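Breakdown of the fold
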Amino acid sequence: MIENTVKNAKEIQPFSFILTEREKNLVELFRNICDYIHQSQPNLPPITVRFVGGWVRDKLLNIECSDLDVALDTMLGHEFALYVNKYLSEKNLSLEHVQKIESNPEKSRHLETAKGFIYGQWIDFINLRTETYSENSRVPNMEFGSPEEDAFRRDITINALFYNIHTNTIEDFTGKGIEDLKNKFIRTPLCPKLTFTDDPLRILRTVRFASRLNFKLAEDIGDASRIPEIKQALQTKVSRSRIGNEVDKMLTGANPVLAIQFLNNFNLLDIIIDKPETLDTNLDLFDYSEAITSLECTEWILSKTKSYQLVPKFSLPFTEKYLRILKFAALLLPFRRYHYIEKRKTYNYCRYIMRTGFQLPNRDSDAVVIIHKYIDDIIQIANHSIDDKIAIGNVITNIGILPVYEDWSIALLLAISTELVTTPEYTDEMKEKILHKYTRLAKNIDEFELDQCWNWKSVVDGKHALNILHMKPGPKVREIMTSIKHWQFLNPHGTQEECETWLKETYGES
């Protein structure tokens, strides 16, 4: 049993580093496996196992981390995982979900690694490594490296900390990681120009960690990010899916506004927000601070949802999925009126940004486009038709289609943001009036019982309506079915018989 998890505890004050029971069991397991390998293969060099990177950082910051990287100095990750499997099998245990990741130069995996699930913990088995880069690719050539080489190849110093399971010590080979954690500071182990030239994606990672942890960024990181050659490398060497993945993590992180502010300050949003050649507007001089303002307004509105009921009750509490789409829709709010042409068809520009620029699933882009489409209708209702059941029902039905479903009320929050963004000179008193206005709208939706009307089936279908009215199919059917829908908005508990009576009274019998 491990009693003292860190020998050099004084060096990492004011941090604590206390292993959970599961982590202690993993440490004991890997120590035993190292002994097991040495006994069965005495000619192999000794193996040192280290927990590395984000797990160590988050452990020191007392942040829960779901993934664990186990780094080896003298053995391939997959080879070690096989020994783990063999050892657990002999002990009548098992390594669940183990998978080999083949060496693949196109995916930066020149050394075989593996992933497994042990004691309820996902673990990546990797190697200490050193890297070299070609001029036109961020995919490195990898070789076995020393702990020092591995630490200095990493993106930021606080991600270059190791926990040596054999000595129970935190290893800080850059000499800056612990200090930077104490000072809440983000910097690269090497000169940022070199770090970013090798892999421009690291620019986005530094921004993400700085915003997530609310740490200060070193000035030379911003300076390096603005270098034209590095900006060009970010655009040409990094795939759009990797950019989209980083933006996704920023927006769903602890401080999305700060992250986008960093990107704007580094003049990177014109690269992050990708543009098609057929865009119907010129964004060369676009003020990307508008995206920050809309995101900032949305965060402010979210902070007010504890004091004001700004959405129907069914939307609460907000799910991670709900907030994620809300943040993307807020970020892209300034671009909702632009369009582009693809295969002779005209599409909303936000569709391109989400699908092509960020490489996100189609359902995400469709949700953002649908929500944006009906913001103006909601604003119209909030200002002029707040008690109109038919107008409210119509807009909810229009928004609440695939893929928005029950998350249609995102559009209510975006409508508030739009009002605030388009009239930024609002005083605090005027902002409060806007919140009261949308609170009334949300409560009306609850009172009118229209929150799920997008999912209602017609109480009387078209064929039956024609039968009871003794009418033949024709243009009149659409009008009748629309009228039935509106009748349901006004009578959410109305029965089929009541609707039939109303139909006969309204349209008569032929």
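Owing to the predicted nature of the structure, the values given are computational and were not obtained by experimental measurement.

Some remarks on the overall build of the chain
When helices and strands are counted, the chain shows 23 helices and 13 strands. Overall size of the chain, expressed as C-alpha extent along the three principal axes, is 100 × 60 × 45 Å. When burial is assessed residue by residue, the chain has 51% of its 510 residues classed as buried. Counted over contacts in the chain with a minimum sequence separation of 6, partners at least 24 positions apart contribute 69%. Of the accessible surface of the chain, which amounts to about 24500 Å², a share of 47% is contributed by carbon and sulfur atoms. Charged side chains of the chain number 63 positive and 72 negative; the gap between the two group centres comes to 1 Å.

Focus: the state of the cysteines
Applying the stated criterion to the full structure yields 0 disulfides. A disulfide-free cysteine, Cys453 has its sulfur positioned 16 Å from the sulfur of Cys499, the nearest such atom. Note on Cys499: relative accessible area 0%, which makes it buried.

Observations concerning helix α15 (residues 349-357)
Where burial is concerned, most of α15 is hidden: 7 out of the 9 residues are buried. All of the buried residues in α15 are Tyr349, Cys350, Arg351, Tyr352, Ile353, Met354 and Gly357. In this structure, the buried residues of α15 make contact with α10 (240-251), α14 (320-331), β12 (339-342), β13 (345-348) and α16 (362-373). Near the N-terminus of α15, the side chain that reaches the backbone nitrogen of Cys350, with its oxygen 2.8 Å away, is that of Asn348. Where α15 terminates, the next one or two residues include Gln359, which has phi positive at roughly 55 degrees.

Some points on the side chain of Asn444
Note on placement: Asn444 falls in helix α20 (residues 428-448). When neighbours within four sequence positions are excluded, Asn444 is seen to be in contact with Ile386 and Asp387.

What about the domain arrangement of the chain?
Domain boundaries assigned for the chain yield domain 1 (16-182), domain 2 (273-454) and domain 3 (462-507). In this structure, domain 2 and domain 3 have C-alpha centres spaced 33 Å apart. At the boundary of domain 2 with domain 3, total buried surface from both sides reaches about 680 Å², with 62% on carbon and sulfur atoms. Counting across the domain 2 and domain 3 interface gives 0 salt bridges. Classifying every residue of the side of domain 2 that touches domain 3 by side-chain character gives 4 nonpolar, 3 polar and 2 charged.

Quick notes on the environment of Ile118
Secondary-structure assignment places Ile118 in strand β4 (residues 113-118). Residue Ile118 is classed as buried on the basis of its relative accessible area of 2%. Along the backbone, Ile118 and Asn245 are 127 residues apart, and their C-alpha atoms lie at a distance of 27 Å.

Things to note about the packing of α15 against α16
Running from N to C, α15 and α16 point in directions that differ by 160 degrees, and their axes come no closer than 9 Å. As summarised for this structure, α15 and α16 are arranged roughly antiparallel, according to the angle between their axes. Along this stretch, α15 crosses α16, giving a crossing that reads as right-handed. The residues of α16 that touch α15, namely those facing Cys350, Arg351, Met354 and Arg355, are Asn362, Asp364, Ser365, Asp366, Val368, Val369 and His372. Grouping the amino acids of the contact of α15 with α16 by side-chain chemistry returns 4 nonpolar, 3 polar and 4 charged.

Brief notes about the pattern of salt bridges
Enumeration according to the criterion identifies 26 salt bridges in this entry. In this structure, the salt-bridge partner of Asp180 is Arg187, at a minimum N-O distance of 2.8 Å. Note that Asp364 and Arg324 form a salt bridge whose closest N and O atoms lie 2.9 Å from each other. Highlighted residues: Asp364 in helix α16 and Arg324 in helix α14, separated in sequence by 40 residues.

Here's the deal with helix α19 (residues 410-422)
The end-to-end C-alpha distance of α19 is 18 Å, a good match for the 18 Å that 13 residues give at a rise of 1.5 Å each. With 11 of 13 residues buried, α19 lies mostly within the body of the structure. All of the buried residues along α19 are Ile410, Ala411, Leu412, Leu413, Leu414, Ala415, Ile416, Ser417, Thr418, Glu419 and Leu420.

Rules of the game
- Residues numbered from 1 in each chain as written.
- Predicted model: local features only at pLDDT ≥ 70, side-chain atom pairs only at ≥ 80, totals over all residues.
- Heavy atoms only, no water.
- Helix = DSSP H or I, 4+ residues; strand = E, 2+ residues; numbered from the N terminus.
- Buried < 20%, exposed > 50% of the residue type's maximum accessible area, 1.4 Å probe, protein only.
- Contact = heavy atoms within 4.5 Å.
- Areas by Shrake-Rupley, 256 points an atom, 1.4 Å probe, with all protein chains shown as cover.
- Lys, Arg positive; Asp, Glu negative; His and termini not counted.
- Charge placed at Lys NZ, Arg CZ, Asp CG, Glu CD.
- Disulfide = S-S within 2.5 Å.
- Polar contact = N/O pair within 3.5 Å; in protein donor to acceptor, adjacent residues only side chain to side chain.
- Domains from an automatic or database assignment.
- Buried area = accessible area lost by both parts, 1.4 Å probe.
- Salt bridge = Lys/Arg side-chain N within 4 Å of Asp/Glu carboxyl O.
- Nonpolar A, V, L, I, M, F, W, Y, C, P; charged D, E, K, R; others polar.
- Axes fitted to C-alpha atoms, helices over the stretch in contact; angles between N-to-C directions.
- Parallel < 35°, antiparallel > 145°, perpendicular 65-115°, else oblique.
- Left-handed = near helix turned anticlockwise from the far one by under 90°.
- Expected span 1.5 Å × (residues − 1).

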